[in-house]
Amino acid sequence: MVLYVPSHSYTLCHSFYTSLLCLAPFSDLDDCYNCLLLMWDFNFSYAHPNSQSNAPAGWHDMLKEWFVNCMTPTGSTPMPTFCCNDKIMLTIDYAYTSLSL
């Protein structure tokens, strides 16, 4: 599944993630968790889940429980995927796979 999350509004981004959690396949991961590959511009920082500009806690919980980060090994520091003016360096793009893949 490849998606682009709205980046121009934190409110829209948060609403997008909240809505997405209610849709298949995310609403019932028991049935399809073993065959998902998620790749997209998340437009949030997974490393800072308490940030005001972040996805809802339920989104972070789902990623932790059902998926593996394919880009950053556990315990490693993620490489920046977004840079602005050589001062702002963030990791906002990710690839996740189901635990069983």
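For the structure itself, consult the block above.
Notes on the structure follow. Being a predicted model, the structure only gives us computed values, none of them experimental.

1. Some details on the sheet that holds strand β1 (residues 2–4)
Sheet architecture is open: 4 strands sit in the order β1-β2-β6-β3, paired in mixed fashion. Because the sheet does not close on itself, it has two edges, and the strands there are β1 and β3 (67–69). Recorded for the sheet is a direction-independent mean angle of 25° between the axes of neighbouring strands. Inspection of the sheet shows strand β2 (residues 37–41) paired to strand β6 (residues 93–98) by 5 bridges, in the antiparallel sense.

2. A look at the packing of aromatic side chains
Tallied over the entire structure, the rule returns 2 aromatic pairs. The interplanar angle of 80° and the centroid separation of 5.9 Å between the aromatic rings of Phe 16 and Tyr 17 together place this pair among those described as edge-to-face. The class of Phe 16 is partly exposed, set by a relative accessible area of 23%. On the basis of relative accessible area, Tyr 17 is assigned to the buried category, the value being 0%. Seen from their ring centres, Tyr 17 and Trp 59 are 4.8 Å apart, and the 50° between their planes marks the pair as tilted. You can see Tyr 17 sitting in helix α1 (residues 10–21) and its partner Trp 59 sitting in helix α3 (residues 57–66), a full 42 residues away along the chain. Both residues of the pair, Tyr 17 and Trp 59, count as buried. Members of the aromatic cluster, connected to one another through ring pairs, are Phe 16, Tyr 17 and Trp 59.

Cut-offs used in this document
Residues numbered from 1 in each chain as written. Predicted model: local features only at pLDDT ≥ 70, side-chain atom pairs only at ≥ 80, totals over all residues. Heavy atoms only, no water. Pairing = 2+ DSSP bridges. Helix = DSSP H or I, 4+ residues; strand = E, 2+ residues; numbered from the N terminus. Axes fitted to C-alpha atoms, helices over the stretch in contact; angles between N-to-C directions. Phe/Tyr/Trp six-rings, centres within 6.5 Å; stacked < 30°, edge-to-face > 60°. Buried < 20%, exposed > 50% of the residue type's maximum accessible area, 1.4 Å probe, protein only.

Coordinates in, geometry out; function isn't part of it.
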